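Overview (structure and organization)
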Amino acid sequence: MQTSPELRALAESLAARIRAGCSPEALADDFDELELRLLRAGHAAGLSPVRSYERLPGTDDGHRVLEVLTCPTGVCTRVEPSTADEVPCLVHRRAMAVTRLRS
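Report follows, based on the coordinates. (Residues numbered from 1 in each chain as written. Predicted model: local features only at pLDDT ≥ 70, side-chain atom pairs only at ≥ 80, totals over all residues. Heavy atoms only, no water.)

Remarks on the nonpolar core
Of all hydrophobic cores here, the largest spans 7 residues; its members are Leu 7, Leu 10, Leu 14, Ile 18, Leu 27, Leu 34 and Leu 38. For this core, the elements supplying multiple residues, two or more each, are helix H1 (5-19) and helix H2 (28-40). When residues of this core are assigned to their parent elements, the largest contribution, 4 residues, is made by H1. Contacts of Leu 10, omitting those with residues within four sequence positions, involve Asp 30, Glu 33, Leu 34 and Arg 37. (Core = buried A, V, L, I, M, F, W, Y, C linked by side-chain atoms within 4.5 Å. Buried < 20%, exposed > 50% of the residue type's maximum accessible area, 1.4 Å probe, protein only. Helix = DSSP H or I, 4+ residues; strand = E, 2+ residues; numbered from the N terminus. Contact = heavy atoms within 4.5 Å.)

Below, the structure is given as structure tokens:
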């Protein structure tokens, strides 16, 4: 799925302002606008993985201990499958944090 230059510019602007120290609360209106644009562009989850009903890769029945990668600052709800490779957070420019989930 291709993203428009305007949508990408808004996302990059938000990331730059967060890196500069602006709180997510102060950017709430811009996050709302970004989510609306993502949904209109066909990104069904918008900004939230809560809207996704697919199982995470590797979770099987969900009863074993699972490690996932999450936001290194705990600010956003991004979740990625744990891999042997380091996965960067493009907002904070740090490695995603390993988080253990329990069933």
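Description of H1
The first and last C-alpha atoms of H1 sit 21 Å apart over 15 residues, in line with the 21 Å expected at 1.5 Å per residue. Inspection of H1 places Leu 7, Leu 10, Leu 14, Ala 15 and Ile 18 among the buried residues, and these make up the whole buried set. Buried residues in H1, looked at end-on, bunch into an arc of 130°, giving them a common side. Across from the buried face of H1, at angles greater than 90 degrees, the exposed residues are Pro 5, Glu 6 and Arg 8. On its buried face, H1 is in contact with H2. Looking at the residues trailing H1, positive phi occurs at Gly 21, about 110°. (Expected span 1.5 Å × (residues − 1). Arc of directions from axis to C-beta.)

Some remarks on the environment of Pro 72
Inspection of the secondary structure puts Pro 72 in the loop between strand S1 (66-70) and strand S2 (79-81). For Pro 72, a relative accessible area of 17% corresponds to the buried category. When the C-alpha atoms of Pro 72 and Met 96 are compared, they prove to be 5.1 Å apart, with 24 residues separating the residues in sequence. If we ignore the near neighbours within four places in the chain, the residues touching Pro 72 are Cys 89, His 92, Arg 94, Ala 95, Met 96 and Ala 97.

Remarks on the pattern of salt bridges
Pairing between side chains of opposite charge can happen when their charged atoms approach one another. Counted by the stated rule, this structure contains 4 salt bridges. With a closest N to O distance of 3.0 Å, Glu 12 and Arg 8 form a salt bridge. Placement of the pair is Glu 12 and Arg 8 together in helix H1, with a separation of 4 residues, close to one helical turn. Glu 12 gets classed as partly exposed once you look at its relative accessible area, which sits at 45%. Judged by its relative accessible area of 54%, Arg 8 falls in the exposed class. (Salt bridge = Lys/Arg side-chain N within 4 Å of Asp/Glu carboxyl O.)

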